[in-house]
Structures are given as structure tokens and as C-alpha cells.
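Report on the structure
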Amino acid sequence: MPSLFSKNMSNLPNPEDYRMALERLCISLGVEPEFWQFFLEPVTHSSFSSERRTPWSCSERIEFLGDSVVGLVISEFLYRNCHSDREGAMALKKSSLVSTDSLACEARKIGLDRFILMSNGERKNGGSKKNSVLADLYESVIGAVFLCKGWDFASKLVLEHFSVKLSKLSMIGKDAKTALQEFTQKRFKEIPVYNVVEVGSQSSGTDRFKAEAVVCGKTAGAGCGASKKEAETAAAAEALAAFGAF
């Protein structure tokens, strides 16, 4: 089978064991295990690549591809299913669905954190648990799935991963603030507080205001908008994603 990636895994402590681990990763994704080579780059953090001087690239390039694949899958779903939504409403829903916290949640659910290659220093600093790292990892893996299995397979897999969130789309958008308030009242017996700052002039474009949704004294989500209301709504939607509420 032709591969885009190097098979030279001599820089790994136990190359054969890790090859078998990548085969298990393939199987968990519904991909034939012989495609394991495609997943070596996606799970390689830049810290590991630099430390070990690996003959293969780190995940950054394929993450770029995976980001586009995930974004297009979600965009197509919203276009085909949210018939009454205008562009702004669809953009808000997409932003919430593919937020860093949302992607990290999907990465954890399918156990991707078990496969990441990372320097010891980065791992000791909690790098493998950071939402930003896990979100990038998810996009990288989806990029690899797209390369070895094609669009139809990758699209179906992403929609499967996001099925719960997509079934609760009504909680995103213009009702996000209401949904967040109902959620926090039920779980924390509190309502969210919004901190809003003006970050641009009226002539600066759409991102004039930035808002933070604060729950239990901690920032749960942030967002920008042309008005305070839009910024607060975007912040509420991101908070809902962070809590796994949709």
C-alpha cells in the first residue's frame, strides 16, 4: 500500500508496540489496520519531533488539512439541515461546534490522548491534557482519515462523533443565552454573568465587542460580535460546548 509517511520509527522506544497501537487506533476509527502509517504524523506533537529529530513531520501540516475537513463537514450539515438559518446563525453554530473545547471533548471521547507522542517535558507540564493540544490532535487524525479513506468516509465519521451535539442544535444561536442559563441553574444553581468590553470602533467591522460568560467565578466561554448581545450569545454558545451541553 502506498503511503505518504515514513515507516522509519527507530526513534520510538518500542517501534513494534507503537505500530500495533496505531493499528488499534485505526480499528477504533473503523479504518483498516494496514493504514496505520497514515496516523504516525497526526499523533506526533512538535515537541517530540524536535526532541527526537524524527524523520517524519509533526502534526502541524496534517492538522491544517484536518481543520478544513472538519469545518466543511459541519458547514455542509448546517447548510442541508438548518433551512431557516441565515449565514450569521449558521456561522455561530459552526463556531460553537468546532470550538477548541468541543474538539477536545471529541478527542477524549474516542481516546486519542492515549496515542499522542510528546516530549517528556511537555507531558510533565500537562501538555497531553490541554484542550488546545487535544483539539489539534483531533483535526490531525481526521486529516489522516480523509487521506487514506476519502471524503465520504471522513464525513460520516465526523458526523458520528458530533451526533449528540448536532441533535441539540436548537440550543445554539439566538437561544444560547437562555440555554446556558437553564443549564447552569440546573447544574450549579447559579446563572451566568457576562463581562463585555469594547474592542473596536464602529468602523472596525463585526468584532466590535468581546464577551466572557462567567460561571461559578470562572470563564466558561468567550465570543465576539458587532453588538454586546451578539458577543454574549457567542460566549454563551462556547460555554455550552465547553460543558458538553449540546
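1. Notes on the overall build of the protein chain
A count of helical and extended segments in the protein chain gives 11 helices and 3 strands. In the protein chain, the succession of α and β elements from N to C terminus is α-α-α-α-α-α-α-α-α-α-β-β-β-α. Looking at the protein chain as a whole, 45% of its 246 residues qualify as buried. Partitioning the contacts of the protein chain with sequence separation of at least 6, the portion at a separation of at least 24 is 57%. For the protein chain, the exposed area adds up to about 12,800 Å²; of that, 49% sits on carbon and sulfur atoms.

2. Observations concerning the nonpolar core
Membership of the largest hydrophobic core comes to 49 residues, with the highest contact counts inside it found for Phe 39 and Tyr 138. Counting residues per element, the ones that place at least two in this core are helix H1 (15-28), helix H3 (60-81), helix H5 (100-109), helix H7 (131-149) and helix H8 (151-161). When sequence neighbours within four positions are dropped, the list of residues in contact with Tyr 138 reads Val 70, Leu 103, Glu 106, Ala 107, Ile 110, Leu 112, Val 158, His 161 and Phe 162. By size, the runner-up hydrophobic cluster in this structure holds 16 residues, among which are Ala 179, Val 215, Ala 236 and Ala 237.

3. Some remarks on the pairing of strand S2 (residues 209-215)
When you tally the buried positions in S2, you get 5 out of 7 residues, the bulk of the element. Direction of pairing for strand S1 (residues 193-198) relative to S2: antiparallel, over a ladder of 6 bridges. Paired with Asn 195 across the bridge in S2 is Glu 212.

4. Here's the deal with the packing of aromatic side chains
Per the counting criterion, the structure on display carries 4 aromatic pairs. Measuring from ring centre to ring centre gives 5.4 Å for Phe 183 and Phe 243, while their planes differ by 35 degrees; the resulting arrangement is tilted. One end of the pair, Phe 183, is in helix H10 (residues 176-188); the other, Phe 243, is in the segment after helix H11 (228-242), and 60 residues separate them in sequence. Residue Phe 183 is classed as buried on the basis of its relative accessible area of 16%. With relative accessibility at 23%, the residue Phe 243 sits in the partly exposed group. Taken together, the ring pairs in this structure connect Phe 183, Phe 188 and Phe 243 into an aromatic cluster. Over the ring of Phe 153 we find Lys 149, and its NZ or CZ is 5.1 Å from the ring centre. One residue, Lys 177, lies across the ring of Tyr 194, its end atom 5.0 Å from the ring centre.

5. A short note on H7
For H7, built from 19 residues, the straight-helix expectation of 27 Å at 1.5 Å per residue is met to within 8% by its first-to-last C-alpha distance of 27 Å. Backbone geometry just after H7 places Gly 150 at a positive phi near 95 degrees.

6. Structural notes on the packing of H10 against H11
Where H10 meets H11, the closest approach of the two axes is 8 Å, and the angle between their N-to-C directions is 45 degrees. When the axis of H10 is compared with that of H11, the two are oblique. Handedness of the H10/H11 crossing: left-handed. Within the contact between the two elements, H10 uses Ala 176, Lys 177, Ala 179, Leu 180 and Phe 183 and H11 uses Glu 232, Thr 233, Ala 236, Ala 237, Ala 239 and Leu 240. Counted by class, the contact of H10 with H11 contains 8 nonpolar, 1 polar and 2 charged residues.

7. A closer look at the confidence of the model for the protein chain
For the protein chain, per-residue confidence averages 86 on the pLDDT scale, and 89% of positions sit at 70 or higher. Per-element mean pLDDT across the protein chain ranges from 84 in helix H4 (residues 87-97) up to 97 in H8.

8. Re the sheet that holds strand S3 (residues 218-225)
One open sheet accounts for 3 strands, arranged S1-S2-S3; its pairing is antiparallel. What marks the edges here is a single partner per strand, and that holds for S1 and S3. Strand-to-strand, the axes of this sheet are offset by a mean angle of 20 degrees, without reference to chain direction. Across 7 bridges, the pairing between S2 and S3 is antiparallel. Counterpart to Val 215 in the pairing with S3 is Lys 218. Across the face of the sheet, H11 comes into contact with S1, S2 and S3 while running at roughly 135 degrees to S3.

9. A few points about unusual backbone geometry
Positive phi, close to 50 degrees, is recorded for Arg 53, a residue that is not glycine. Following the sequence through the fold, Arg 53 ends up in the loop between helix H2 (46-52) and H3.

The rules behind the values
Residues numbered from 1 in each chain as written. Predicted model: local features only at pLDDT ≥ 70, side-chain atom pairs only at ≥ 80, totals over all residues. Heavy atoms only, no water. Helix = DSSP H or I, 4+ residues; strand = E, 2+ residues; numbered from the N terminus. Buried < 20%, exposed > 50% of the residue type's maximum accessible area, 1.4 Å probe, protein only. Contact = heavy atoms within 4.5 Å. Areas by Shrake-Rupley, 256 points an atom, 1.4 Å probe, with all protein chains shown as cover. Core = buried A, V, L, I, M, F, W, Y, C linked by side-chain atoms within 4.5 Å. Pairing = 2+ DSSP bridges. Phe/Tyr/Trp six-rings, centres within 6.5 Å; stacked < 30°, edge-to-face > 60°. Lys NZ or Arg CZ within 6 Å of the ring centre and 35° of its normal. Expected span 1.5 Å × (residues − 1). Axes fitted to C-alpha atoms, helices over the stretch in contact; angles between N-to-C directions. Parallel < 35°, antiparallel > 145°, perpendicular 65-115°, else oblique. Left-handed = near helix turned anticlockwise from the far one by under 90°. Nonpolar A, V, L, I, M, F, W, Y, C, P; charged D, E, K, R; others polar. pLDDT = per-residue confidence, 0-100.

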